[in-house]
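A look at the structure
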Amino acid sequence: MGSFQVLFVALLVTALAFGLSFVDANFSKSMYFNWGAQHSSILGNGDDLELVLDPTSGSGIQTKKAFLFGSIEMLIKLVPRNSAGTVTAYYLSSTGSMHDEIDFEFLGNVSGQPYTIHTNIYTQGNGNREQQFKLWFDPTADFHNYTIHWNPTEVVWYVDSIPIRVFRNYENEGIAYPSKQGMRVYSSIWNADNWATRGGLVKIDWYSAPFVARFRHFRARACKWNGPVSIEQCASISPANWWTSPVYSQLSYGKKGQLKWVRDNYMIYDYCKDTKRFQGNMPPECFKPQF
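Residues numbered from 1 in each chain as written. Predicted model: local features only at pLDDT ≥ 70, side-chain atom pairs only at ≥ 80, totals over all residues. Heavy atoms only, no water.

**With respect to the overall build of the chain**
Just so we agree on the cut-off: Each helix corresponds to a stretch of at least 4 residues labelled H or I by DSSP, and each strand to a stretch of at least 2 residues labelled E; elements are numbered beginning at the N terminus. Our radius of gyration is a C-alpha quantity, and the globule rule it is checked against amounts to 2.2 Å times the number of residues to the power 0.38. For every residue, the accessible area obtained with a 1.4 Å probe (protein chains only) is divided by the maximum for its type, and the residue is called buried under 20%, exposed over 50%, and partly exposed between those limits. Residue contacts follow a heavy-atom distance rule, with two residues in contact if any of their heavy atoms lie within 4.5 Å. We get accessible surface area from the Shrake-Rupley algorithm with a probe of 1.4 Å; when it comes to residues, only the shown protein chains can shield them. In this charge count, Lys and Arg are treated as positive and Asp and Glu as negative; neither His nor the chain ends contribute. We put the charge of a Lys on NZ, of an Arg on CZ, of an Asp on CG and of a Glu on CD.
For the chain, the count of helices and strands is five helices and 15 strands. What you see for the chain is a C-alpha radius of gyration of 19 Å, in line with the 19 Å of a compact globule of 291 residues. For the chain, the spread of C-alpha atoms along the three principal axes comes to 65 × 50 × 35 Å. Looking at the chain as a whole, 51% of its 291 residues qualify as buried. Look at the contacts in the chain between residues 6 or more apart in sequence, and 67% of them connect residues 24 or more apart. Accessible surface computed for the chain: about 13800 Å², of which carbon and sulfur atoms make up 54%. The averaged location of the 24 negative side-chain charges in the chain is 2 Å from the averaged location of its 26 positive side-chain charges.

This is how it looks when you write it as structure tokens:
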């Protein structure tokens, strides 16, 4: 057996022992509808998904398994034309009042106006860490890749492999970080016209229904959550835990340049700059370098 084969077998054995997932999953094998299944569908070979919002209901789907660290990606084609008042969500979350959560939410708009990407992160039940962006393309014209990369060092939100946000781990300084709870992957579309578009001033036009969001190529290259034992297993530095490699501990020089470009040109809200909201008592992570 050649050296490459020996290495591959060793990695595979390690992956099985630690409950890691290297096999590309799809919707039909890895997820199930948790609401609105009556008018949504998994299509093709299980790689395509349509979530529907109409006057009767929205819809949602979630993974059967939870994960702790790794890379979660999805291709999404958002609701076209007049999507005002709708929210298409794609996020990771644990459960309970002390839950962790990492969000992508896409806030609809009237025809011809751009979508808003709303990002947030919850740690131990506390959120209020919103950052919002416009996009540099039409997200309704084609599928685009939205990835959440999450490891013991940082969380990075990517759009088509371009980083738009980073949240680094400062647990050793008393700042909570999502590192001890397994999270499932969720996607949904729902009526949020009380806040989603212009702060709730623009309501859903139900004459434009049904609103359909399309998803494709769900992949979870991540460590499977097997309970508290996974906290150490999924964070340990090893070849099998590829996300712990030093190359993923911080953005490269080129990726930092991309991040700066997005934030300089497309960022429209940053909680760390909203001194009025926090009355000067800013969250502690706002004083820490994030990238």
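What follows picks up the thread again.
**Brief notes about the sheet that holds strand 13 (residues 184-191)**
What counts, and what does not: For two strands to be treated as a pair, DSSP must find no fewer than two bridges joining them. Working convention: axes come from line fits to C-alpha atoms, limited for helices to the stretch in contact. Angles between N-to-C directions cover 0 to 180 degrees.
Strands sit in the order 1-4-13-6-7-8-9-15 across an open sheet of eight strands; the sheet is antiparallel. Here the strands that pair on one side only, and so sit at the sheet edges, are strand 1 (31-35) and strand 15 (267-270). Sheet twist, expressed as the average angle between the axes of neighbouring strands with direction ignored, equals 15 degrees. Sheet topology places strand 8 (residues 116-122) next to strand 9 (residues 131-133); three bridges connect them, and they run antiparallel. By the bridge assignment, threonine 119 is partnered in strand 9 with glutamine 131. Against the sheet, helix 4 (residues 253-265) engages strand 9 and strand 15, with an angle of about 85 degrees to strand 15.

**Observations concerning the pairing of strand 12 (residues 162-168)**
The buried count for strand 12 comes to seven of seven residues, which makes it a mostly enclosed element. One ladder, built from six bridges, connects strand 11 (residues 154-159) with strand 12; its direction is antiparallel. Directly across from valine 159, in strand 12, lies its bridge partner isoleucine 162. Here strand 11 hands over to strand 12 after two residues, with aspartate 160 in that stretch at a positive phi of 50 degrees.

**Let's talk about the confidence of the model for the chain**
Keep this limit in mind: Confidence of the predictor at the level of single residues is captured by pLDDT, which takes values from 0 to 100.
Counting all residues, the mean pLDDT for the chain is 91, and 92% of those residues have values of 70 or more. Low pLDDT (under 50) marks residues 1-19, which in the prediction has 15 contacts with non-local residues, meaning those over four places away or in another chain.

**Remarks on the side chain of threonine 116**
Rules: Polar contacts, as counted here, are pairs of nitrogen or oxygen atoms within 3.5 Å of one another; within protein the pair requires one atom able to donate a hydrogen and one able to accept it, and residues that are adjacent in sequence qualify only if both atoms are side-chain atoms.
Position of threonine 116 among the secondary structure elements: in strand 8. There is a polar contact of 2.6 Å between the side chain of threonine 116 and the side chain of lysine 134. Residues in contact with threonine 116, not counting those within four places in the same chain, are Glu105, Phe106, Leu107, Gln132, Phe133, Lys134 and Ile268.

**Brief notes about the nonpolar core**
This is how the line gets drawn: To define a nonpolar core, start from buried Ala, Val, Leu, Ile, Met, Phe, Trp, Tyr and Cys residues and group those joined through side-chain atoms within 4.5 Å.
Membership of the largest hydrophobic core comes to 55 residues, with the highest contact counts inside it found for Phe104 and Tyr146. The greatest single-element share of this core, amounting to seven residues, is contributed by strand 14 (residues 211-224).

**Overview of the state of the cysteines**
Filter applied, for reference: By definition, disulfides here are pairs of cysteine sulfur atoms that lie within 2.5 Å.
Taken as a whole and assessed by the stated rule, the structure comprises two disulfides. Residue pairing for cysteine 223: its cysteine sulfur links by disulfide to cysteine 234, the two sulfurs lying 2.1 Å apart. Judged by the torsion about the S-S bond (-75 degrees), the cysteine 223/cysteine 234 disulfide is left-handed. Linking cysteine 223 in strand 14 with cysteine 234 in the loop between helix 3 (229-233) and helix 4, this pair joins segments that are eleven residues apart in sequence. The residues cysteine 223 and cysteine 234 share a single accessibility class, namely buried. The disulfide that involves cysteine 272 links it to cysteine 286, with 2.0 Å between the sulfurs. Taking the sign of the S-S torsion, -80 degrees for the link of cysteine 272 and cysteine 286, the bridge is left-handed. Of this pair, cysteine 272 sits in the loop between strand 15 and helix 5 (275-278) while cysteine 286 sits in the segment after helix 5, and the two are 14 residues apart along the sequence. In the chain, the bonded cysteines, numbered by position in the sequence, are linked as 1-2, 3-4.

**Some details on helix 4**
Stated formally: One less than the number of residues in a helix, times 1.5 Å, gives the span that helix is expected to have. Comment: arc refers to directions from the helix axis out to C-beta atoms.
Between its first and last C-alpha atoms helix 4 spans 19 Å; for 13 residues at 1.5 Å apiece the expected length is 18 Å, and the two agree. Within helix 4, the full set of buried residues consists of Leu259, Val262 and Arg263. Along the long axis of helix 4, the arc covered by the buried residues comes to 90 degrees, so they all point the same way. Of the exposed residues in helix 4, the ones pointing more than 90 degrees away from its buried face are Tyr253, Lys260 and Asp264. Contacts made by the buried residues of helix 4 are with strand 9, strand 12 and strand 15.

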